[in-house]
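Tertiary structure, described
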Amino acid sequence: MHLAKLKEFRQAAYQYLCRAHDATFELTDAILLTRHVHCLADLSLCPVFRRRWSSIYEALQDCRPARRKLMQIYIKHIPKDIRPILAIDHTSWPRPDAVTLQERTIEHQATDIPGNRPITLGQGYSTIAWVPESEGSWALPLRHERITSWESPIDKAVWQLRQVSQYLPSRPIVLIDSEYGCAPFVLKTAGIQADKLMRLRSNLCLWGAPPPYSGKGCPRKHGQKFKLNDASTWEEPTETIEIDAPNLGRLRISLWRDKHFQAAANIQMQLIRVERLKNQSGQFTKPLWLAWVGEEMLPLNEVWRLYLRRFAIDHWYRFAKQRLHWTLPKLSSPKQCERWSDLMPLITWELWLARAVVADNPLPWQKSMAKLTPGRVAQSMGGVLAAIGTPAVPPKPRGKSPGWPQGKPRSTKPRCPIVKKGTSKRKKAFKNSV
């Protein structure tokens, strides 16, 4: 049954790759089976890729993956009897030396270089993924798209959440990091049918519910001030519990109700503080501030654990960059980068559907695992692909290319400036010029 389900998924995805779908689909199989790659042409040496190395670049130039239809295929495999847990984040594709690549922007670099700022030149990509398990490194992207030079990560995340939520079987819970824990994100997602659990920066200032109207003047919008890093501004919490968590020790969790941002006074949220009490070493750690925005909140002893599932999307970024070779190719245009990036969610979903079929095949220095990770499933995909085959059609002989015409002059590609994101007027002017 699982094998037939995987075969059906591959056939449906093959149809939605549109143009050049044969070479593109064989490229995805080559990515799955090739562990170490030094350049993009190395993938053409894989036995499942039955074409020449130049077909890889031609496929990325000609293919047109239907993102919306592929997203609908992914959502069909989400169980309807559970509430979907989504995670949103963004990462960078560093291209510091690609002076001819259009729309390079200044992006945050997670691993900073000593003596330099933690930034790089390249492209930013936003991802919204379904987190299927309470523990582990599985995160299944539903949309993985480039953040253009006239978009911000918040605008892209709001657009992706709106596109995904309308096809989900039930109201999702969205887990987001502190970069999205702000008033603009809350205001822009107010009309989307989704509950949000977000982390807040410890230097934020929130406000309580306003007092009753006194009958004079304009009604007040804000109540008592609540600074997260100033305990003197806190009132007594609505609820406080202490629990023993595995690997974390004793935790104190406090809840304050009906708080809001100053710029979003009409949207109430529940404020949660997770404090780790003194551990064995006698050191104190910084508390974790969370905010719940949406309908009825989960019990206090469950909602803080739910946020820990957000880190699965960080594991997927590492898996895509290291094992799926996402940031390896040096493509020449943003469109090629987007088409190559569209293959990453497709490959990840194939691994998820194949996890119940493959047998663990560890290397001599690896330990056996009962619960396979995405990397361990990819390590055992050779036998599965040999059993189910491929929907791609074998290549036809086309003859030899005549090559570059003799005497035709060659011209160098123009260098493109680095786009610095600024005010909305500058973004609009650049978008209109493009």
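Attention here is on the structure that accompanies the text.

Remarks on the packing of aromatic side chains
Two numbers describe a pair of aromatic rings. These are the distance of the centres and the angle of the planes. All chains considered together, the criterion is met by 19 aromatic pairs. Relative to Tyr125, the ring of Trp93 has its centre 6.1 Å away and its plane inclined at 45°; by these criteria the two rings are tilted. Separated by 32 residues along the polypeptide, Trp93 in strand β1 (residues 85–94) and Tyr125 in strand β3 (residues 119–130) bring together distant segments of the chain. By relative accessible area, Trp93 is classed as buried at 0%. A centroid spacing of 5.3 Å and a plane angle of 70° characterise the contact between Trp138 and Trp352, whose relative ring orientation is edge-to-face. Linking Trp138 in the loop between β3 and β4 (140–147) with Trp352 in helix α10 (residues 343–354), this pair joins segments that are 214 residues apart in sequence. For Trp138, a relative accessible area of 3% gives the class buried. With a relative accessible area of 7%, Trp352 lands in the buried category. Site record: aromatic cluster; members linked through ring pairs are Phe9, Tyr74, Trp130, Trp138, Trp349 and Trp352.

Describing the pairing of β1
Along β1, nine of the 10 residues are buried, which leaves the element largely enclosed by surrounding structure. In this structure, β1 lies alongside strand β5 (residues 173–176), joined through four bridges in parallel fashion. Bridge pairing in β5 links Leu86 to Val174. Relative to β3, β1 runs antiparallel, the two sharing nine bridges. Bridging from a neighbouring strand, Asp89 pairs with Thr127 of β3.

The rules we used
Residues numbered from 1 in each chain as written. Predicted model: local features only at pLDDT ≥ 70, side-chain atom pairs only at ≥ 80, totals over all residues. Heavy atoms only, no water. Phe/Tyr/Trp six-rings, centres within 6.5 Å; stacked < 30°, edge-to-face > 60°. Helix = DSSP H or I, 4+ residues; strand = E, 2+ residues; numbered from the N terminus. Buried < 20%, exposed > 50% of the residue type's maximum accessible area, 1.4 Å probe, protein only. Pairing = 2+ DSSP bridges.

By themselves these figures say nothing about function.
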